[in-house]
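Take a look at the letters that make up each chain.
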Amino acid sequence: MGYGRFVLRRLLQSVPTFALITVLVFLLVRLLPGDPASAMLGDRATDATVARINAALGTDQPIALQFLRFLGRLLQGDFGQSQVLHMPVTELIGERMPVTLLLSAYAMVMAIVIAVPLAFLMALHRGRMLDTVLRGMFQLGLSMPTFYLGLLFLTVLGAHLRLFPVGGLGRGPVDMLYHLFLPALTLGFSLAAVIARSLRAAILEVLEADYVDFARAKGLPERLVLGRHVLRNALISTVTLFGINLGQLIGGAVITETIFSLPGVGRLLIDAVFGRDYPVIEGLTMVFAVLVSFIFIATDLFQAWLDPRVHQ
Amino acid sequence: MTVAIDSAPPRRSHATLIIGTVILAVMLLVALVPGLVAPYDPLRFDYHGTLAPPSLAHLFGTDMYGRDMLSRTLWATRVDLQIAIFSTLAPVIIGSLIGMLIGYYGGIADVVFNRLVDVVVTFPFLVLVIGIVAVLGPGLINLYIAIGLVDWVFFARLARAEILVQCRLDYAHAARGLGYGPARILFRHLLPNAIGPIITYWMTDMALAILLGSSLGYLGLGAQPPLAEWGTLIADGKNFMATAWWITVFPGLAIVIAGFGFSLAGDGVADLLRARE
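Residues numbered from 1 in each chain as written. Chains lettered and ligands numbered in written order. Predicted model: local features only at pLDDT ≥ 70, side-chain atom pairs only at ≥ 80, totals over all residues.

Asks: What's the story with the overall build of chain A in this structure? I'm lost.
Replies: For chain A, the helix and strand inventory stands at 13 helices and zero strands. Seen through its C-alpha atoms, chain A measures out along the principal axes to roughly 80 × 55 × 35 Å. Classification of the 312 residues of chain A by burial places 39% in the buried group. (Helix = DSSP H or I, 4+ residues; strand = E, 2+ residues; numbered from the N terminus. Buried ≥ 20, exposed ≤ 12 C-beta atoms within 10 Å, placed from the backbone.)

Dropping the structure here:
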């Protein structure tokens, strides 16, 4: 099977996934106990106001009809109105999304920049002091919750040493990268730990392979042996893991944005939860899932590109 | 919150298992009788001794209300271990059962289940749990429910895969050949051989549950004040981090140590099972 057909098949496979995501998000707010209208109104709930909110949300209709309406609006890219900010959810998400995407991409790059060289270092110093120390550091990174790591960076590197700004987005591209450095480091650190550990194991395995001996035997400089032969083959097994964790990383943006007060969709979700803004919660849950699905698709396509055996 | 593939060599198995088990045993003990080990009442205010740094009287210092941080961190152990156990116990049992049945019988249930897995993994775990807590309302019980509603899928996926492998082995064919019923084959023959990876994953999952629970606690969606939980303790101290580091550092360390304990114990169990094969 050619790569083109593989791409097409992978895309078709995701159609039922998208359909099910839609159903699940729809049911999330409607099947769980708890009535959005009374929850939103709290103490102010009277029969009349509850009925009015239910009518506004459409939650007084039969569930099948609600689903059809939900689907119809969704196809037009309409997630309804925010009940707190009084603007279309789509517009809200569109406004906040770039921050989250930039932060996630930055964190991803940071994770790779940290993990790949350190994985090589660990593998080449296997069993020695450096290997043990780095492995300990990454294990620590995995046991530490993102919010705590973020607070530590914020206090020590930001407030105390004043190396980095402690919030806000900055102005202009360079300043923005400077402002987002700590949030991206916070968000990317656990991903770096996961990749470094897995890549270290993969490199050790690849180093045993005959083709590496052959590359060395034919007199290829060690730099090229490691870069061209070892890294590419070691990456194959790491790419899938990277994809899975990238999805979780986007979830971590919820916490990072809250700690560093960044106006992204993660922060929007937390605000919506506290404001009981159900249309926003619904829209965001959906957008997060769709985003991660695309990451999974991209991961599979990239892996097949790296390793043609996958699609042949 | 992250999925890790472990690369530990099988040699260190016993040291890993012993250190992990000791950490968890001490934590369990503290969780069972926090009143015996904690020097003070974790909720008592002392306006004359607010934000006091660590001293002999208060080893971990005091917070902005003069509450003893050592006592609060110790009492919080009970809440966080509860999160680890209560939010994963139902998923590990129900999820594994469902996974075993699906793996054994296959058919339409298998097709439906695989679709469900494809979908559930596309939601970042944290986002889905926050979404469910948003509907149910904040609090520990709802946190358990939210984690449970999602988490069982991962155990079912694991159990299904294990049963599929075990089913093809000779001893399973032999058991079937002897005319044993499905229940006997599943629980007496397949389960004991399939349970290793499930237990290992459970250990990891409990550590993840603590990370998740403390994160939600930090955000104000998990344990509610005045209940001491590591995440809420850190949230309490976050505005004093530059001046009173002790409020956040000790609960943070507790989370890290708990994570280490579970991950060492999990690695140890995995190594032990690998050695047995």
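The discussion continues.
Asks: What am I meant to see in the overall build of chain B here?
Replies: Along chain B, the regular secondary structure elements total ten helices and zero strands. Reading chain B from its N terminus to its C terminus gives the helix and strand order α-α-α-α-α-α-α-α-α-α. Taken over the C-alpha atoms alone, chain B extends approximately 75 × 45 × 30 Å along its principal axes. The proportion of buried residues among the 277 residues of chain B is 49%.

Asks: Which parts of the structure should I look at to understand the packing of helix 5 (residues 89-124) of chain A against helix 9 (residues 181-207) of chain A?
Replies: All names here are of chain A. Following both chains from N to C, one finds helix 5 and helix 9 inclined at 35 degrees, their axes separated by 7 Å at the closest point. Crossing hand, helix 5 versus helix 9: right-handed. A breakdown of the residues in the contact of helix 5 with helix 9 according to their chemical character gives 25 nonpolar, one polar and one charged. (Axes fitted to C-alpha atoms, helices over the stretch in contact; angles between N-to-C directions. Left-handed = near helix turned anticlockwise from the far one by under 90°. Nonpolar A, V, L, I, M, F, W, Y, C, P; charged D, E, K, R; others polar.)

Asks: Whenever I open this one, the packing of helix 6 (residues 140-167) of chain B against helix 8 (residues 182-219) of chain B confuses me. Can you help?
Replies: What describes two packed helices is the angle between their axes and the distance between those same axes. Residue and element names in this part refer to chain B. As a packed pair, helix 6 and helix 8 sit with axes 10 Å apart at the nearest point and diverge in direction by 155 degrees. It follows that helix 6 is roughly antiparallel to helix 8 by the angle criterion. Helix 6 and helix 8 meet at a crossing whose hand is right-handed. Judged by residue contacts, Leu143, Ile147, Asp151, Phe155, Leu158, Ala159, Glu162, Ile163, Gln166 and Cys167 of helix 6 engage Leu190, Asn193, Ala194, Pro197, Ile198, Tyr201, Asp205, Ala209, Leu212, Gly213 and Leu216 from helix 8. Residues of the contact of helix 6 with helix 8, tallied by class, amount to 15 nonpolar, three polar and three charged. (Parallel < 35°, antiparallel > 145°, perpendicular 65-115°, else oblique. Contact = placed C-beta atoms within 7 Å.)

Asks: What am I meant to see in the environment of Gly137(B) here?
Replies: Mapping Gly137(B) onto the fold places it in the loop between helix 5 (125-136) and helix 6. Measuring from C-alpha to C-alpha, the distance between Gly137(B) and Leu221(B) comes to 7.9 Å, with 84 residues separating the pair along the chain.

Asks: Before we go on, may I ask you to explain helix 5 of chain B in this structure?
Replies: A rise of 1.5 Å per residue sets the reference length of helix 5 of chain B, with its twelve residues, at 16 Å; its end C-alpha atoms lie 16 Å apart and thus fit the reference within 8%. Burial analysis of helix 5 of chain B places eleven of its twelve residues in the buried class, the great majority of the element. Phe125(B), Leu126(B), Val127(B), Leu128(B), Val129(B), Ile130(B), Gly131(B), Ile132(B), Val133(B), Ala134(B) and Val135(B) are the residues of helix 5 of chain B that are buried. Elements that come into contact with the buried residues of helix 5 of chain B comprise helix 1 (3-31), helix 11 (222-259), helix 12 (265-274) and helix 13 (278-306) of chain A together with helix 6 and helix 8 of chain B. Residue Gly137(B) follows helix 5 of chain B closely and has a positive phi angle near 105 degrees. (Expected span 1.5 Å × (residues − 1).)

Asks: Whenever I open this one, the interface of chain A and chain B confuses me. Can you help?
Replies: Many structure descriptions define interface size as the accessible area lost when the parts assemble. Of the residues lining the interface, 49 residues belong to chain A; the matching set on chain B comes to 39 residues. Looking at the side of chain A that touches chain B, the elements that each hand over two or more residues are helix 1, helix 6 (129-143), helix 7 (146-160), helix 9, helix 11, helix 12 and helix 13 of chain A. It is helix 11 of chain A that provides the largest number of residues to the side of chain A that touches chain B, a total of eleven residues. Taken together, the residues that form the side of chain A that touches chain B break down as 31 nonpolar, 16 polar and two charged.

Asks: Would you mind showing me how to read the nonpolar core here?
Replies: A general tendency of soluble globular proteins is for nonpolar side chains to be buried together. Core analysis: the biggest nonpolar cluster contains 157 residues, and Ala196(A), Leu269(A), Val129(B) and Ile130(B) have the highest contact counts within it. Not counting residues within four places of it along the chain, the set of residues in contact with Leu269(A) comprises Val254(A), Ile281(A), Leu284(A), Val127(B) and Ile130(B). (Core = buried A, V, L, I, M, F, W, Y, C linked by C-beta atoms within 7 Å.)

Asks: What am I meant to see in the environment of Val166(A) here?
Replies: Residue and element names in this part refer to chain A. Mapped onto the fold, Val166 is located in the loop between helix 7 and helix 8 (172-179). Residue Val166 is classed as partly exposed on the basis of its C-beta count, with 16 C-beta atoms lying within 10 Å. Taking C-alpha positions, Val166 is 6.8 Å from Phe260, a pair spaced 94 residues apart along the chain. Leaving out residues up to four positions away in the same chain, Val166 has contacts with Leu154, Gly158 and Ala159.

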